[in-house]
Amino acid sequence: MIREIKVSELNELLELYLHLHEESVPEMTENLKKTWDTIINDKNHHIIVKEVDGKIVSSCVCVIIPNLTRGIRPYAFIENVVTHSDYRGQGFATECLQYAKKIAKDENCYKMMLLTGSKKESTLKFYERAGYNSSDKTAFIQWID
């Protein structure tokens, strides 16, 4: 089943993020609770999950960003695309990205963007097969301490 995350599934999502780049599940602090509350109540912030046998095995985030250009049409930003290592290669992340695209279309977005830190050819080809390209724009990152 592909769907948006439920309020009660924060811990499952944080466990899944161990298969992304996190090294541990963060402690349940007030800051974490406040951040989760902000995300879950933001109509423009969508956490999409793939559930298999009652377990969240893949996810991505789709944020709709209001915009004053392109006919006042928003755009979508995709982040935190991840699949549990035991479930990779089965098309689950692709399903999450397709669901995100449906949200973006429903919100009248004119484009979708994502960034990846991966240099692996298989990861880059995965995004190309999903309809993304790396030739239209140049991305720059500035990390803030």
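For the structure itself, look to the data block above.
Since we're looking at a predicted model, the values are computed, not measured.

1. Considering the pairing of strand β2 (residues 45–52)
- Counting buried positions along β2 yields six of eight residues, so the element is predominantly enclosed.
- As defined by bridge partners, strand β1 (residues 2–4) adjoins β2 across three bridges and the pair is classed as antiparallel. Its bridge partner lying in β2, Arg3 is registered against Val49.
- Bridge count for β2 against strand β3 (residues 55–65) is eight bridges, and the pairing is antiparallel. Within β3, the residue paired with Lys50 across the bridge is Ser58.
- Between β2 and β3, which pair antiparallel and follow one another directly, the connecting turn spans two residues, one of which, Asp53, has a positive phi of 50°.

2. Observations regarding the nonpolar core
- Ranked by size, the top nonpolar core spans 19 residues in total, and within it Cys60, Cys62, Ile78, Val81 and Leu97 carry the most contacts.
- Counting residues per element, this core draws most heavily on helix α3 (residues 92–106), at six residues.
- Residues within four places of Cys62 in sequence aside, it is in contact with Asn44, His45, His46, Ile48, Ala76, Phe77, Ile78, Ala100 and Ile103.
- Residues Leu10, Leu16, Leu32 and Ile47 belong to the second largest nonpolar core, which totals 13 residues.

3. Focus: the layout of surface pockets
- Space inside the second largest pocket adds up to approximately 390 Å³.
- As for the second largest pocket, its lining consists of 20 residues, of which Leu14, Tyr17, Thr35, Ile39 and Asn80 are closest to the centre.
- Where the lining of the second largest pocket is concerned, the elements lending two or more residues are α1 (10–16), α2 (30–40), β2, β3 and β4 (75–83).
- The leading source of residues in the lining of the second largest pocket is α2, at five residues.

4. Observations regarding α3
- An ideal rise of 1.5 Å per residue puts 21 Å on 15 residues; α3 measures up with 21 Å between its terminal C-alpha atoms.
- For α3, the set of buried residues is Phe92, Ala93, Cys96, Leu97, Ala100, Ile103 and Ala104. For α3, the angular spread of the buried residues around the axis is 140°, confining them to a single face. α3 presents Gln98, Lys105 and Asp106 as exposed residues on the side facing more than 90 degrees away from its buried surface.
- On its buried face, α3 is in contact with β1, β2, β3, β4, β5 (112–114) and α4 (121–129).
- The first or second residue beyond α3 is Asn108, which carries a positive phi of 65°.

5. Considering the side chain of Asn44
- Mapped onto the elements of the fold, Asn44 is located in the loop between α2 and β2.
- Once you skip the residues sitting within four places of it in the chain, Asn44 turns out to touch Cys62, Val63, Ile64 and Pro66.

6. Quick look at unusual backbone geometry
- At Arg70, a position not held by glycine, the phi torsion is positive, near 55°.
- One can find Arg70 in the loop between β3 and β4.
- Residue classification places Arg70 among the exposed residues on the basis of a relative accessible area of 57%.
- Of note in this structure, Asn108 is not a glycine but carries a positive phi near 65°.
- Of note, Asn108 is situated in the loop between α3 and β5.

Conventions adopted
- Residues numbered from 1 in each chain as written.
- Predicted model: local features only at pLDDT ≥ 70, side-chain atom pairs only at ≥ 80, totals over all residues.
- Heavy atoms only, no water.
- Buried < 20%, exposed > 50% of the residue type's maximum accessible area, 1.4 Å probe, protein only.
- Helix = DSSP H or I, 4+ residues; strand = E, 2+ residues; numbered from the N terminus.
- Pairing = 2+ DSSP bridges.
- Core = buried A, V, L, I, M, F, W, Y, C linked by side-chain atoms within 4.5 Å.
- Contact = heavy atoms within 4.5 Å.
- 1 Å grid on protein atoms, 1.4 Å probe; cavity = no way out; pocket = protein on both sides within 12 Å on 5 of 7 lines; lining within 4 Å.
- Points joined across faces, edges and corners; volume = space filled by probe spheres on them.
- Expected span 1.5 Å × (residues − 1).
- Arc of directions from axis to C-beta.

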